[in-house]
Amino acid sequence: MATLPSLPALRAFDAVSRLGSFRAASEDLHVSPTAISHHIRGLEAQLEVSLFIRTGRQVTLTGEGLRLAEEVTKAFRILERAVADVSAKSSQTTIRIAMGPSFATRWMLPRLSAFHEAFPDVDLELVQTPLLVSPQNVDADIFITWGDGYWPNMISDKLVGVFAAPVASPVLLKRLGYPKTPDQLLDFPLIHQRDTVGWSSWFSHHNVNAIGQLSGPLIEDTNVVLQAALSGQGVVMGWRPLIDNELDSGALVQLFGAVRSDIRAYYLVRRKSHVMQNTISTISEWLLHGAEVV
């Protein structure tokens, strides 16, 4: 029988695989980045495999790392549930829901009061997830993410469909004027989220040839993108209904029609089997069907 690595080393590995960096893992576990690095090096030496690819401050899992991360995450969740089940002090049920910070701010937070009223015996933990992480590798009971709905061996239901529409602040429009046709937006400062795909798809839908003409900064974080629009830095591709508050208040103005994303949406994802399956299913149904009114 193989000798198991130390629990601290596995916990460090689990945190790095979830959060994508040694520093984030150190903050999550309240230890130094040096300690995290020491645990990972020791674990790789014991297993005689590379678990991460290091690129600057960020790390990504290797194939061996992905396989180990999935099983380690499951093991920790089993341990946590077992401890909770036998603890005499555990009168509450803790449910972890993972999602990106922008979705948490704009969709989940307005629903927290209703959630607590519906589930007074549930302690809710909202967990921030990095980009492009697989739900299978997230230490959470429910995972809300952007994608096409296909995650092997997971249950996924469409939670929020989005409509993409160009939006800008009245300050910018007062300075540059209102575009009269979609192609005139090519003369405006455009701001992109992560890549130029959103703008390219919208222009294509409106029969605008924008090949080779899409300049402007690429910003990863949705909240930063919207703040850039609100401060008059440029026109962004906004996602409705997540920006409806800014449109209703007049802080942002929608320019031209919105295009529905038929391929991707926000999905609610969870495992097919869970030690708290009934609770997870009930909460999932509430999120999917019972939270329309905020």
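Here, the structure is the one placed above.
Residues numbered from 1 in each chain as written. Predicted model: local features only at pLDDT ≥ 70, side-chain atom pairs only at ≥ 80, totals over all residues. Heavy atoms only, no water.

**Student:** Outline the pattern of salt bridges, supporting the account with residue identities and numerical values.
**Tutor:** Under the criterion given, the structure shown has eleven salt bridges. A salt bridge links Arg 96 to Glu 125, with the shortest nitrogen-to-oxygen separation between them at 2.8 Å. Placement of the pair is Arg 96 in strand S3 (residues 93-99) and Glu 125 in strand S4 (residues 122-128), with a sequence separation of 29 residues. The exposure class assigned to Arg 96 is buried, which follows from its relative accessible area of 15%. Each of Arg 11, Asp 14, Arg 18 and Asp 28 takes part in salt bridges that share partners, so that together they form one network. (Salt bridge = Lys/Arg side-chain N within 4 Å of Asp/Glu carboxyl O. Helix = DSSP H or I, 4+ residues; strand = E, 2+ residues; numbered from the N terminus. Buried < 20%, exposed > 50% of the residue type's maximum accessible area, 1.4 Å probe, protein only.)

**Student:** I'd love a proper account of the side chain of Ser 102, names of residues and values included.
**Tutor:** Inspection of the secondary structure puts Ser 102 in helix H5 (residues 101-108). If near-sequence neighbours (up to four positions away) are discounted, Ser 102 is found in contact with Thr 222 and Asn 223. (Contact = heavy atoms within 4.5 Å.)

**Student:** Mind laying out the packing of H5 against helix H9 (residues 222-230), listing which residues take part and the relevant values?
**Tutor:** Axis separation between H5 and H9 bottoms out at 7 Å; the angle between their running directions is 70°. When the axes of H5 and H9 are compared, the pair comes out roughly perpendicular. In this structure, H5 contributes Pro 101, Ser 102, Thr 105 and Arg 106 to the contact, and H9 contributes Thr 222, Asn 223 and Leu 226. Classifying every residue of the contact of H5 with H9 by side-chain character gives two nonpolar, four polar and one charged. (Axes fitted to C-alpha atoms, helices over the stretch in contact; angles between N-to-C directions. Parallel < 35°, antiparallel > 145°, perpendicular 65-115°, else oblique. Nonpolar A, V, L, I, M, F, W, Y, C, P; charged D, E, K, R; others polar.)

**Student:** Pulling in residues and values, what's your account of the packing of aromatic side chains?
**Tutor:** Under the counting rule described, the total for this entry stands at 15 aromatic pairs. Here Trp 199 and Trp 202 contribute two aromatic rings whose centre-to-centre distance is 6.1 Å and whose plane-to-plane angle is 80°, an arrangement assigned as edge-to-face. Of the two residues, Trp 199 and Trp 202 are both situated in helix H8 (residues 197-205); the distance of three residues between them amounts to about one turn of the helix. Since its relative accessible area comes to 1%, Trp 199 is described here as buried. Judged by its relative accessible area of 1%, Trp 202 falls in the buried class. (Phe/Tyr/Trp six-rings, centres within 6.5 Å; stacked < 30°, edge-to-face > 60°.)

**Student:** Give me the lowdown on the nonpolar core, citing residues and values where you can.
**Tutor:** With 45 residues, the main nonpolar core has Phe 103, Trp 199, Phe 203, Val 235 and Leu 287 as its most contacted residues. Tallying contributions element by element places helix H11 (residues 277-289) first for this core, with five residues. With sequence-adjacent residues up to four places away left out, Phe 203 is seen in contact with Pro 182, Leu 185, Leu 186, Leu 190, Val 208, Ala 210 and Leu 214. One finds Ala 12, Ala 15, Val 16 and Ala 69 within the second-largest nonpolar core, a separate group that totals 17 residues. (Core = buried A, V, L, I, M, F, W, Y, C linked by side-chain atoms within 4.5 Å.)

**Student:** Please provide a residue-by-residue account of the side chain of Asp 14, values included.
**Tutor:** For Asp 14, the position within the fold is in helix H1 (residues 7-19). Note on Asp 14: relative accessible area 1%, which makes it buried.

**Student:** Got a sec to walk through the sheet that holds S4? Specific residues and values, please.
**Tutor:** Spatial ordering of the open sheet is given by S4-S3-S5-S13-S6, a layout of five strands whose pairing is mixed. The strands lining the two open edges of the sheet, one partner per strand, are S4 and strand S6 (154-160). In this sheet, adjacent strand axes meet at a mean angle of 25° when their direction is disregarded. Here five bridges tie strand S5 (residues 142-147) to strand S13 (residues 265-271), and the two strands are oriented antiparallel to one another. Pairing of Thr 145 across the sheet is with Tyr 267, part of S13. (Pairing = 2+ DSSP bridges.)

**Student:** Summarise the environment of Pro 170; cite the residues concerned and give the values.
**Tutor:** Mapping Pro 170 onto the fold places it in helix H7 (residues 170-176). Given a relative accessible area of 35%, Pro 170 falls into the partly exposed group. For the pair formed by Pro 170 and Ser 231, sequence separation is 61 residues and the distance between their alpha carbons is 9.6 Å. Leave out the neighbours within four places in its chain, and Pro 170 touches Gly 250, Ala 251 and Val 253.

**Student:** Account for H1, naming residues and giving values.
**Tutor:** Taking 1.5 Å of rise per residue, the 13 residues of H1 would be expected to cover 18 Å, and the 18 Å separating its terminal C-alpha atoms lies within 8% of that figure. The buried count for H1 comes to ten of 13 residues, which makes it a mostly enclosed element. Every buried residue of H1 is listed here: Ala 9, Leu 10, Ala 12, Phe 13, Asp 14, Ala 15, Val 16, Ser 17, Arg 18 and Leu 19. Note on H1: the residue one or two positions beyond its end, Gly 20, has a positive phi of about 85°. (Expected span 1.5 Å × (residues − 1).)

**Student:** Report on the pairing of S13, specifying residues and quantitative values.
**Tutor:** The element S13 is extensively covered by neighbouring structure, given that seven of its seven residues are classed as buried. In this structure, S6 lies alongside S13, joined through six bridges in antiparallel fashion. Pairing of Met 154 across the sheet is with Arg 271, part of S13.

**Student:** So what about the environment of Ser 200? Which residues, and what values?
**Tutor:** Inspection of the secondary structure puts Ser 200 in helix H8. Here the alpha-carbon distance between Ser 200 and Phe 52, two residues 148 residues apart in the chain, equals 34 Å. Of note is the side chain of Ser 200, whose polar atom sits 2.9 Å from the backbone oxygen of Thr 196. (Polar contact = N/O pair within 3.5 Å; in protein donor to acceptor, adjacent residues only side chain to side chain.)

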